[in-house]
Amino acid sequence: MIDQHGPDTVDWRVVDEGWGRRAVDFATLSEPGNCREYVAVHQRLGVSEGDRLLDIACGSGLAVELARARGAECAGIDASSRLVAVARDRNAGADIRVGDMHALPWEDASFDVATSFRGIWGTTPAAVDEIHRVLVPGGRLGLTVWGHIKFSPGAWALAPFRMADSAKVRNQAAMQLSRPGAGEEFLSRCGFVDIKRVDVPFVWEFADPELFARALASTGPAYEAIQNVGEAAFIEAATHQARQAVRDGLPLRAPLAVVGYLARKPT
């Protein structure tokens, strides 16, 4: 679920600045909202006892923890050392490493299943080549990307990200793989077969606008906005945005479109 920016060795190390600066807030306030996404993809992939699973851009390790609950033997990699510290704390004994997803530190054919939750983009084909390498023949891949956010009922929740400078906002849009045929073509080009596109359930829920703003501020895209306008302005804008969505006696709720791709390495 972490945007690791590109194949440059320098770039992946910078990810910790955006995503790791508030690792505990991200792990406890933001990432739990991804549970539906994680569970749905694990179910679709049939993750079960005996599977060797690698989660790429594993963040604070909640997806790894849920895969282990299904019986999988898990590994993970992320560019943020501070998020990896949380992931290791959640998953004692799992092989979770700090590193570059464009140069995975595992041997060929090491895993039966690979997942990445909004961590793989159209700008990161080398990462998918690496996934292909470390999967066994017939190995399964599940990855997710943001869908058509503009028409999502919860689009308001991501609006504060547009406070980043215009070049970064355009770059975020350009990286998307949810356009019709884009993900299928991308994975096919990387050697995968039996590619299937699915809708993945995703909802953020928060108790109040202040908690929402704190959770949102712990993410990488928020960091890009904060760099542009300052933290106080970002928090104020996010809190104001959330107040428009308050419902009496109910949590703040932001359903967002997420697209999943399921695929297989040829036998």
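Remember, predicted model here, so these are calculated numbers, not experimental data. (Residues numbered from 1 in each chain as written. Predicted model: local features only at pLDDT ≥ 70, side-chain atom pairs only at ≥ 80, totals over all residues. Heavy atoms only, no water.)

### Observations concerning the pattern of salt bridges
Item 1. A full pass over the atoms with the stated rule returns 15 salt bridges.
Item 2. Arg-82 is the salt-bridge partner of Asp-16, the closest N and O atoms lying 3.0 Å from each other. Here the residue Asp-16 occupies a position in helix 1 (residues 9-19), and Arg-82 occupies one in helix 5 (residues 81-90), the gap between them amounting to 66 residues.
Item 3. One salt bridge in this structure joins Asp-108 and Arg-133, with 2.8 Å as the shortest N-O distance. Here Arg-133 lies in helix 6 (residues 125-134) and Asp-108 lies in the loop between strand 3 (95-98) and strand 4 (111-117), a separation of 25 residues in the sequence.
Item 4. What makes Asp-108 exposed here is its relative accessible area of 53%.
Item 5. According to the relative accessible area criterion, Arg-133 is partly exposed, its value standing at 23%. (Salt bridge = Lys/Arg side-chain N within 4 Å of Asp/Glu carboxyl O. Helix = DSSP H or I, 4+ residues; strand = E, 2+ residues; numbered from the N terminus. Buried < 20%, exposed > 50% of the residue type's maximum accessible area, 1.4 Å probe, protein only.)

### Observations regarding the nonpolar core
Item 1. In terms of nonpolar packing, the biggest core is built from 50 residues, with Trp-146, Trp-156, Trp-204, Phe-212 and Phe-234 touching the most fellow members.
Item 2. Setting aside its immediate chain neighbours within four residues, Phe-234 contacts Pro-160, Phe-161, Met-163, Leu-216, Ala-217, Ala-222, Ala-225, Ile-226 and Val-229.
Item 3. Judged by nonpolar contacts, the second largest core, of 26 residues, contains Ile-77, Trp-106, Phe-111 and Ala-263. (Core = buried A, V, L, I, M, F, W, Y, C linked by side-chain atoms within 4.5 Å. Contact = heavy atoms within 4.5 Å.)

### Some remarks on the packing of aromatic side chains
Item 1. Taken as a whole, this structure holds nine aromatic pairs when the rule is applied.
Item 2. Look at Trp-19 and Phe-26: their rings are 5.5 Å apart centre to centre, the planes differ by 85°, and that puts the pair in the edge-to-face class.
Item 3. Under the relative-accessibility criterion, Trp-19 is labelled buried at 7%.
Item 4. On the basis of relative accessible area, Phe-26 is assigned to the buried category, the value being 1%.
Item 5. Seen in terms of ring centroids, Trp-156 and Phe-212 are 5.1 Å apart; in terms of plane orientation they differ by 50°. Their pairing is tilted. Taken together, the residues span a long stretch of sequence, with Trp-156 in the loop between strand 5 (135-146) and helix 7 (166-174) and Phe-212 in helix 9 (residues 209-216) at a distance of 56 residues.
Item 6. The class of Trp-156 is buried, set by a relative accessible area of 14%.
Item 7. Taking the ring centre of Trp-146 as reference, the NZ or CZ of Arg-118 above it sits at 4.5 Å. (Phe/Tyr/Trp six-rings, centres within 6.5 Å; stacked < 30°, edge-to-face > 60°. Lys NZ or Arg CZ within 6 Å of the ring centre and 35° of its normal.)

So, to be careful, I would describe these as geometric facts and stop short of saying anything about function.
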